[in-house]
Amino acid sequence: MDTSLRKPWIVGVSGASGTPYAAAVLRGLLSAGEAVDLVVSRAARLTLLDETGHAFRDAHWREDLRTWLARGADGKDGRFDLSDAALADVRFWAAGDLAAGPSSGSYPVKGMLIVPASTACVAGVALGLSKDLLQRAASVTLKERRTLVVAVRETPLNGQTLKHLVTLDEAGAVVLPASPAFYAGARHIQDLVDFVAGRVLDAAAVPHQLYRRWEGELGSAAST
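Small disclaimer: the values here were computed from a predicted structure and weren't measured.

1. Some remarks on the sheet that holds strand 2 (residues 36-40)
Okay, so step 1: As summarised here, the arrangement of the six strands in space is 3-2-1-4-5-6, forming an open sheet in which the pairing is parallel. Looking at the sheet topology across the chains shown, the edges are occupied by strand 3 (90-94) and strand 6 (174-175).
Okay, so step 2: Here helix 3 (residues 61-69) sits on the sheet and contacts strand 1 (9-13), strand 2 and strand 3; the angle it forms with strand 3, its principal contact strand, is near 115°.
Okay, so step 3: Together, strand 4 (111-117) and strand 5 (147-152) form the strand contacts of helix 4 (residues 119-127), whose direction differs from that of strand 4 by roughly 145°.

Here is the structure:
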């Protein structure tokens, strides 16, 4: 692989509930042949452990990532099969590493997807706090006028968070609430997760086949 040509998507995983969304986005990016730089916040590790029963460790991140991505949204392990080749172009950066590549605007990336985005993460990015690598990378993405998708996962939303989301929208980010739709004919929890992941990838202009698109025919969801 010619690393000089590498231009990844940064995927930031914050501490909000919704780790299956992040897994689906990561699988979608890898299926599309995209390179990925992964940042998992400290809070996200606790959420991942709580939602899946699996740890995510710096020293064993590739092994733990494989286990995580193989898990379905229904909680069953081994639902998806990921080869060594599929994970070959994933690079992991520790959340506390503020000297990492994504902390600089000169580091070449296509953009950043924060999935899921907690309200704390939203506030940190909107205020430019850069308290960890995830927030710093998001701030860099905005200042470099690159694509930033923020898949906020919280309900209800208070006024302060809504103001932060407006600030991100005005700064050029795509604010994408993790809100599944049902017109695609969802039959399983994975279908709902994949719909949100597909919309994230749509915002990044990454091709996928994660959900059935609307074609203007009423009742088509019920017939699938």
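2. Concerning the packing of aromatic side chains
Okay, so step 1: Taken as a whole and assessed by the stated rule, the structure comprises seven aromatic pairs.
Okay, so step 2: With a centroid separation of 6.3 Å and an interplanar angle of 80°, the aromatic rings of Phe-56 and Trp-68 are classed as edge-to-face. Taken together, the residues Phe-56 in the loop between helix 2 (42-52) and helix 3 and Trp-68 in helix 3 connect sequence positions 12 residues apart.
Okay, so step 3: Residue class for Phe-56 comes out buried when judged on its relative accessible area of 4%.

3. Digging into unusual backbone geometry
Okay, so step 1: The peptide bond linking Val-115 to Pro-116 adopts the cis configuration, its omega dihedral lying at -15°.
Okay, so step 2: Here Pro-116 lies in strand 4.
Okay, so step 3: Residue Pro-156 is reached from Thr-155 by a cis peptide bond, and omega for that bond is -10°.
Okay, so step 4: Within the secondary structure layout, Pro-156 lies in the loop between strand 5 and helix 6 (159-170).
Okay, so step 5: Residues other than glycine seldom take positive phi values, yet Ser-130 does so here, at roughly 50°.
Okay, so step 6: Tracing the backbone shows Ser-130 in the loop between helix 4 and helix 5 (133-143).
Okay, so step 7: Phi is positive for Arg-145, close to 60°, though the residue is something other than glycine.
Okay, so step 8: Turning to its location among the elements, Arg-145 is positioned in the loop between helix 5 and strand 5.
Okay, so step 9: For Arg-145, a relative accessible area of 69% puts it in the exposed group.

4. A look at the layout of surface pockets
Okay, so step 1: Estimated volume of the largest pocket: approximately 230 Å³.
Okay, so step 2: The wall of the largest pocket is formed by 14 residues, among which Ser-41, Arg-42, Lys-131, Asp-132 and Gln-135 lie closest to the centre.
Okay, so step 3: If you list the elements that add at least two residues to the lining of the largest pocket, you get helix 2, helix 4 and helix 5.

5. Describing the side chain of Asp-132
Okay, so step 1: Mapping Asp-132 onto the fold places it in the loop between helix 4 and helix 5.
Okay, so step 2: There is a polar contact of 3.0 Å between the side chain of Asp-132 and the backbone nitrogen of Gln-135.
Okay, so step 3: Here Asp-132 is in contact with Ser-41, Ala-95 and Leu-98, once residues within four sequence places are set aside.

Calculation criteria
- Residues numbered from 1 in each chain as written.
- Predicted model: local features only at pLDDT ≥ 70, side-chain atom pairs only at ≥ 80, totals over all residues.
- Heavy atoms only, no water.
- Pairing = 2+ DSSP bridges.
- Helix = DSSP H or I, 4+ residues; strand = E, 2+ residues; numbered from the N terminus.
- Contact = heavy atoms within 4.5 Å.
- Axes fitted to C-alpha atoms, helices over the stretch in contact; angles between N-to-C directions.
- Phe/Tyr/Trp six-rings, centres within 6.5 Å; stacked < 30°, edge-to-face > 60°.
- Buried < 20%, exposed > 50% of the residue type's maximum accessible area, 1.4 Å probe, protein only.
- 1 Å grid on protein atoms, 1.4 Å probe; cavity = no way out; pocket = protein on both sides within 12 Å on 5 of 7 lines; lining within 4 Å.
- Points joined across faces, edges and corners; volume = space filled by probe spheres on them.
- Polar contact = N/O pair within 3.5 Å; in protein donor to acceptor, adjacent residues only side chain to side chain.

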